[in-house]
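Analysis of the macromolecular model
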Amino acid sequence: VENSPRQEQETRDLRAHVSEIDYVGFALTALCFGTLEIFLDKGQEDDWFGSPFITAMVVICAAAFIALIVWEWWQAKVGRKPVIDLSVFRRKSFSVSFGLMFVMGILFYGTTLILPQLLQTLMGFTATTAGMSLSLGGLATLLFMPLVGFLITKVDGRALLAFGFLLSAVALFRMTHLSLDMTTEYVAKLRFLQAASFGFVFIPISTLSYTDMPPEKNNDVSGLTNLARNIGGSVGTSVAITMLARQAQKHQGFLAAHLTGSDETLRTATKMLQDHLSVGGLARPDTPVGALAQIYAALAQHANMLAYIDVIQGFAFASLVVVPLAFLMKKVRPGTGSMH
């Protein structure tokens, strides 16, 4: 059966479209970001650059990234459609929004990782209790996103964006006052405040990134902003895990250095624990070891809490530093919209 002229034309168009696909750019993109994800996910586990495998991943990622930039620039220069259209970065508003979306990914995914971990490992919460304590964050996002969607038609989006990062910084700085005797209600309130900031960040970035962008570039803008958020999330989780491990070691060493046998407080606490363990049924010769084990467990618990606070404080400073960057973006008159 012979194809109709229309079917033949559709077949030719399909073949032409397939031939235009930037397979080299696609392969370089997959290689670059694939090795980057391996580096971020396995780095702490394999001692970062102490591992030949992780070092190789970094080298491959860097080489693939440079090759990708050169190849995509050449593709655009000869009039072909690249996988990643680098020309969108010529517009300052998009470049700034890309960076801010990257920071948002760090803050969102980083805190989403460490807060449940903190509640379960240090506070003894079950997974269900920890989830319920942090569930108000989802409610905050659900409530504030529609509000911000309305406000952006009335207020300068840059101001909303700056307010969002400032609110995030305030919430995170308040989280640095977490303690081992905090209640679930206190944790829920802090998470609600922090999650409320994401609505003020996400919607303005998603809107302002399209400022002065030609309609045919919309797909490129959308893809790159999502890429920034996802890569930021990977960086945020990797940084959080690494900082937790290293800061916990640092604080544990510092606290242990101040526990000496000549400390009257330590001797008194050890004696009380020995008496308590003896009454509880532990053989008297074993009570000194048991008492020291409990003291060490408490020391490690406090060192880990201080490490979590250090990580949260780092996220807070990151959120605060980027507040002025919002005003580097081009101002868009409220209500006119910038998306095509």
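The shown structure was predicted, so the numbers you read here are calculated from the model rather than taken from an experiment. (Residues numbered from 1 in each chain as written. Predicted model: local features only at pLDDT ≥ 70, side-chain atom pairs only at ≥ 80, totals over all residues. Heavy atoms only, no water.)

**Notes on the overall build of the chain**
For the chain, the helix and strand inventory stands at 11 helices and zero strands. Listed by position from the N terminus, the elements making up the chain come as α-α-α-α-α-α-α-α-α-α-α. Counting the 340 residues in the chain, one finds 40% classified as buried. Entry remark: accessible area of the chain is about 18,200 Å², with carbon and sulfur atoms responsible for 66%. (Helix = DSSP H or I, 4+ residues; strand = E, 2+ residues; numbered from the N terminus. Buried < 20%, exposed > 50% of the residue type's maximum accessible area, 1.4 Å probe, protein only. Areas by Shrake-Rupley, 256 points an atom, 1.4 Å probe, with all protein chains shown as cover.)

**Brief notes about the nonpolar core**
By size, the foremost hydrophobic cluster in this structure holds 56 residues, and its most contacted members are I114, L118, L119 and F165. Taken together, the elements giving at least two residues each to this core come down to α2 (23-42), α3 (52-77), α4 (92-121), α5 (127-134), α7 (157-175), α8 (184-208), α9 (218-257) and α11 (287-321). For this core, the element with the highest residue contribution is α4, accounting for 11 residues. Excluding its chain neighbours within four sequence positions, the residues that come into contact with L119 are G124, F125, A130, S133, L134, M182 and V187. Membership of the second largest hydrophobic core comes to 10 residues, among which are V148, I152, F200 and I203. (Core = buried A, V, L, I, M, F, W, Y, C linked by side-chain atoms within 4.5 Å. Contact = heavy atoms within 4.5 Å.)

**Observations regarding the confidence of the model for the chain**
For the chain, per-residue confidence averages 84 on the pLDDT scale, and 83% of positions sit at 70 or higher. Here helix α1 (residues 5-20) stands out as the element of the chain with the lowest mean pLDDT, 54, in contrast to α3, whose mean of 94 is the highest. (pLDDT = per-residue confidence, 0-100.)

**Some remarks on α5**
Of the residues making up α5, those classed as buried are A130, S133 and L134. The buried residues of α5 occupy an angular sector of 90 degrees when projected down its axis, which confines them to one face. Exposed residues pointing more than 90 degrees away from the buried face of α5 are listed as T128 and M132. As for α5, its buried residues are in contact with α4, α6 (136-151) and α8. (Arc of directions from axis to C-beta.)

**Some thoughts on the packing of α5 against α6**
Orientation of α5 relative to α6, taken along the N-to-C sense of each, is 25 degrees, at an axis distance of 5 Å. Judged by the inter-axis angle, α5 sits roughly parallel to α6. Across the interface between the two elements, M132, S133 and L134 of α5 pack against L136, G137 and G138 of α6. Residues of the contact of α5 with α6, tallied by class, amount to three nonpolar, three polar and no charged. (Axes fitted to C-alpha atoms, helices over the stretch in contact; angles between N-to-C directions. Parallel < 35°, antiparallel > 145°, perpendicular 65-115°, else oblique. Nonpolar A, V, L, I, M, F, W, Y, C, P; charged D, E, K, R; others polar.)

**A few points about the pattern of salt bridges**
Per the counting criterion, the structure on display carries five salt bridges. One salt bridge connects D220 with K81, and the closest N-O pair in it is separated by 3.1 Å. Of this pair, D220 sits in helix α9 while K81 sits in the loop between α3 and α4, and the two are 139 residues apart along the sequence. D220 sits in the buried class, given a relative accessible area of 11%. (Salt bridge = Lys/Arg side-chain N within 4 Å of Asp/Glu carboxyl O.)

**So, unusual backbone geometry**
Generally, phi is negative for residues other than glycine and the peptide bonds are trans, each holding for most cases. At W48, a position not held by glycine, the phi torsion is positive, near 45 degrees. The residue W48 is located in the loop between α2 and α3 in this model. Phi is positive for D212, which is not a glycine, with a value near 60 degrees. For D212, the position within the fold is in the loop between α8 and α9. The class for D212 is partly exposed, based on a relative accessible area of 43%.

**Concerning the packing of aromatic side chains**
Scanning the model with the defined rule gives 12 aromatic pairs in all. Ring geometry for F39 against W48: centres 5.1 Å apart, planes inclined by 65 degrees, an arrangement best described as edge-to-face. Residue F39 shares its accessibility class with W48, and that shared class is buried. Ring centres of F163 and F200 lie 5.0 Å apart, and the angle between their planes is 75 degrees; on these two criteria the pair is classed as edge-to-face. On the criterion of sequence distance, the pair formed by F163 in helix α7 and F200 in helix α8 is long-range, its members being 37 residues apart. The class of F200 is buried, set by a relative accessible area of 7%. (Phe/Tyr/Trp six-rings, centres within 6.5 Å; stacked < 30°, edge-to-face > 60°.)

**Remarks on the side chain of T29**
Along the chain, T29 falls in helix α2. Not counting residues within four places of it along the chain, the set of residues in contact with T29 comprises G34, L68, V83 and I84.

**Some words on the environment of M329**
Inspection of the secondary structure assignment puts M329 in the segment after α11. Between the C-alpha atom of M329 and that of S97, which follows or precedes it by 232 residues, the distance is 7.7 Å. Setting aside residues no more than four positions away along its own chain, M329 makes contact with S93, V96, S97, L100, R158, L161, L208 and S209.

**Some words on a nonpolar patch on the surface**
A cluster of nonpolar residues, F65, I66, I69 and V70, forms a patch on the protein surface that exposes about 360 Å² of accessible area. By secondary structure assignment, the location of V70 is in helix α3. (Patch = residues over 30% accessible without salt bridge, like charges linked within 9 Å, V, L, I, M, F, W, Y side chains within 5 Å.)

**What about the packing of α5 against α8?**
Here α5 crosses α8 at 45 degrees, and the two axes come no closer than 7 Å. Put simply, α5 runs oblique to α8. Residues T129, S133 and L134 of α5 pack against T184, V187, A188 and R191 of α8. In terms of residue class, the contact of α5 with α8 is built from three nonpolar, three polar and one charged.

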